[in-house]
Amino acid sequence: MNPKGTHIVTVLQKKADNPIAHLTPEDIEQIGIELDAIRQDVIDTRGARDAEYIRKVIKTQRTLEMGSRAILLVSLFPPAWVVGTVGLSIAKIIENMEIGHNVMHGQWDWMRDPKIHSTTWEWDNASPSEQWKHSHNELHHTYTNVIGKDNDLGYGIMRVDEDQRWVPMHLGQPLWNFLNACFFEYGIAAYDLELGKNLATPERRRDPEFRARAKQVLRKIRRQATKDYVIHPILSGPSFLHTIAANFTANLVRNLWTHSVIMCGHFPEGVETFERRSIVGETRGEWYLRQMLGSANISGSTAMHFMTGNLSFQIEHHLFPDLPSNRYQEIAPKVKALFDKYDLTYTTGALPVQVGSAWRKIIRLSLPNDFSVAALVRRTPTSRAAA
């Protein structure tokens, strides 16, 4: 418990400038009440306009994908390859970000449309939707930025907080992060499987449930690879190799873009992380406060917001993950006003600024807190053995 009686965010209490030191428990619960009111207002007003929006987005995405794949049938010609690849890249981004991610969050379940429902949607990604919904909706959004509980925080392979013990392996995390960005859909599938935990012992590796889930992932990867690297290239005839290259490029572009957007929402300077013990007995208001402090936004145009799946409003998304994504821009000023009212920092910035901030943090935390050449030499296993 801190001096004001709330037990939230123990990591923050170690800071010289604790961003919540001025809040009383009553303040925190009032924040929750005011955020509940914002959420209820959207629920009470969602309707035909919202349903028309998502149906239009899905129709546009499918038209763009089919048109791009049709153009790639003649991708032997360079202009066709460029146009088809750009179109397919955009179509894949829209499907994953504004449609798949948000549909699987249940944002459109209220429509009662079985074709646009979290229980039936399967997205264009290596990760099976069933497993993604568990690792993302149930774990990440419940334990946002809680070290050791949130698999999205560092994707299980990176040091993301100064309080995490540094080991020499962390020197490679800028490289791991770059490789993860290039093949992000497979990274998502890997941490959906919780490989770090499930490959740790022979007993876990032989666990029937884990093996069944691993087979499910492999089947999904095979279907995705067959679609992008066998069926569509074969249909292209003489453009076979060019279509393979176009599909690979589109997947790479989608992966890099998605990874960048996710990093901007979770890793820039100013985004807080939390200890496991900070969420014991967490109240509704404290959960809301953790979402507010553990997320960051991206400023930009309406087109940019759309291409991020409106995850450029990551703060609003973490507060209200089941609200229709097209409403985040509408409620953002209300959320920002609440931050201002309670003297909290609303972390936001342009895309290049946020990407740069996230990468600087990843590089900084790949080094020891007290980094110097002498300190690094003292910490390495080789130097200790020599001593």
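Residues numbered from 1 in each chain as written. Predicted model: local features only at pLDDT ≥ 70, side-chain atom pairs only at ≥ 80, totals over all residues. Heavy atoms only, no water.

Draft legend 1. View of the confidence of the model for the protein chain. Of the residues in the protein chain, 90% have a pLDDT of 70 or more, and the chain-wide mean is 89. This model gives residues 1-5 a pLDDT under 50, and the stretch forms nine contacts once residues within four places in sequence are excluded. Within the model, the stretch residues 372-376 combines pLDDT values under 50 with five contacts to residues more than four positions away or in other chains. (pLDDT = per-residue confidence, 0-100. Contact = heavy atoms within 4.5 Å.)

Draft legend 2. View of the nonpolar core. In terms of nonpolar packing, the biggest core is built from 29 residues, with Leu35, Phe320 and Leu344 touching the most fellow members. For this core, the secondary-structure elements that each account for two or more residues are helix 2 (25-45), helix 12 (284-293), helix 14 (314-319) and helix 15 (328-341). The greatest single-element share of this core, amounting to six residues, is contributed by helix 15. For Leu344, the residues in contact, after removing those within four places along its chain, are Pro19, Ile20, His22, Leu23, Ile31, Leu289, Met292, Leu293 and Phe339. (Core = buried A, V, L, I, M, F, W, Y, C linked by side-chain atoms within 4.5 Å. Buried < 20%, exposed > 50% of the residue type's maximum accessible area, 1.4 Å probe, protein only. Helix = DSSP H or I, 4+ residues; strand = E, 2+ residues; numbered from the N terminus.)

Draft legend 3. Examining the pattern of salt bridges more closely. Counted according to the given criterion, the structure contains 20 salt bridges. A salt bridge links Glu65 to Arg69, with the nearest nitrogen and oxygen atoms 3.3 Å apart. Of the two residues, Glu65 and Arg69 are both situated in helix 3 (residues 48-71); the distance of four residues between them amounts to about one turn of the helix. A relative accessible area of 10% places Arg69 in the buried class. With its nearest N and O atoms 2.8 Å apart, the salt bridge here joins Glu282 to Arg290. Note on Arg290: relative accessible area 1%, which makes it buried. Taken together, the salt bridges that share partners define one network made up of Glu65, Arg69, Lys92, Asp124, Lys227 and Asp228. (Salt bridge = Lys/Arg side-chain N within 4 Å of Asp/Glu carboxyl O.)

Draft legend 4. Broad picture of the side chain of Asn137. Note on placement: Asn137 falls in helix 5 (residues 129-140). A distance of 2.9 Å separates a polar atom in the side chain of Asn137 from the backbone oxygen of Met104. Among the polar contacts made by the side chain of Asn137, one reaches the side chain of His105 at a distance of 3.2 Å. Excluding anything up to four places from it in sequence, Asn137 contacts Met104, His105, Trp132 and Thr142. (Polar contact = N/O pair within 3.5 Å; in protein donor to acceptor, adjacent residues only side chain to side chain.)

Draft legend 5. Structural detail: the state of the cysteines. In total, this model carries zero disulfides according to the counting rule given. Not part of a disulfide, Cys182 finds its nearest cysteine sulfur in Cys264, a span of 16 Å. (Disulfide = S-S within 2.5 Å.)

Draft legend 6. How the structure looks around the packing of helix 10 (residues 208-235) against helix 11 (residues 240-266). Where helix 10 contacts helix 11, the axes come no closer than 8 Å and their chain directions differ by 145°. Crossing of helix 10 against helix 11: the hand is right-handed. Here Asp228, Tyr229, Val230, His232, Pro233 and Ile234 of helix 10 lie close against helix 11, whose contacting residues are Phe240, Thr243, Ile244, Asn247, Phe248 and Asn251. Grouping the amino acids of the contact of helix 10 with helix 11 by side-chain chemistry returns seven nonpolar, four polar and one charged. (Axes fitted to C-alpha atoms, helices over the stretch in contact; angles between N-to-C directions. Left-handed = near helix turned anticlockwise from the far one by under 90°. Nonpolar A, V, L, I, M, F, W, Y, C, P; charged D, E, K, R; others polar.)

Draft legend 7. Quick look at helix 5. Burial runs high along helix 5: nine of the 12 residues are buried. The complete set of buried residues in helix 5 reads Ser129, Gln131, Trp132, Lys133, Ser135, His136, Asn137, Leu139 and His140.

Draft legend 8. The arrangement of the environment of Val160 in detail. Note that Val160 resides in the loop between helix 5 and helix 6 (173-182). Considering only alpha carbons, one finds Val160 and Asn251, 91 residues apart in sequence, at a separation of 27 Å.

Draft legend 9. Region of interest: the environment of Gln107. Considering the arrangement of structural elements, one finds Gln107 in the loop between helix 4 (78-104) and helix 5. Along the primary structure Gln107 and Ser118 are separated by 11 residues, whereas in three dimensions their C-alpha atoms are 8.0 Å apart. In contact with Gln107, other than residues within four places in its own chain, are Asn102, His317, Pro321, Asp322, Leu323, Pro324, Ser325 and Tyr328. Here Tyr328 takes part through its side chain, which lies 3.4 Å from a polar atom of the side chain of Gln107.

Draft legend 10. Spotlight on the environment of Tyr186. Considering the arrangement of structural elements, one finds Tyr186 in helix 7 (residues 184-192). Exposure remark for Tyr186: the relative accessible area of 34% places this residue in the partly exposed category. Separated by 14 residues in the primary sequence, Tyr186 and Gly172 have C-alpha atoms spaced 19 Å apart. Filtering out sequence-adjacent residues up to four positions away, Tyr186 remains in contact with Ala126 and Ile221.

Draft legend 11. View of helix 16 (residues 351-365). Its 15 residues place the ends of helix 16 21 Å apart at the C-alpha level, agreeing with the 21 Å of an ideal helix rising 1.5 Å per residue. The set of residues buried in helix 16 consists of Leu351, Gln354, Val355, Ser357, Ala358, Lys361, Ile362 and Leu365. All buried residues of helix 16 fall inside an arc of 160° around its axis, so they share one side. Set apart from the buried face of helix 16 by more than 90 degrees, the exposed residues are Pro352, Val353 and Arg360. Against the buried residues of helix 16 lie helix 6, helix 11, strand 1 (297-299) and strand 2 (348-350). (Expected span 1.5 Å × (residues − 1). Arc of directions from axis to C-beta.)

Draft legend 12. Here's a closer look at the side chain of His140. Considering the arrangement of structural elements, one finds His140 in helix 5. Overall, His140 belongs to the buried group, its relative accessible area being 1%.

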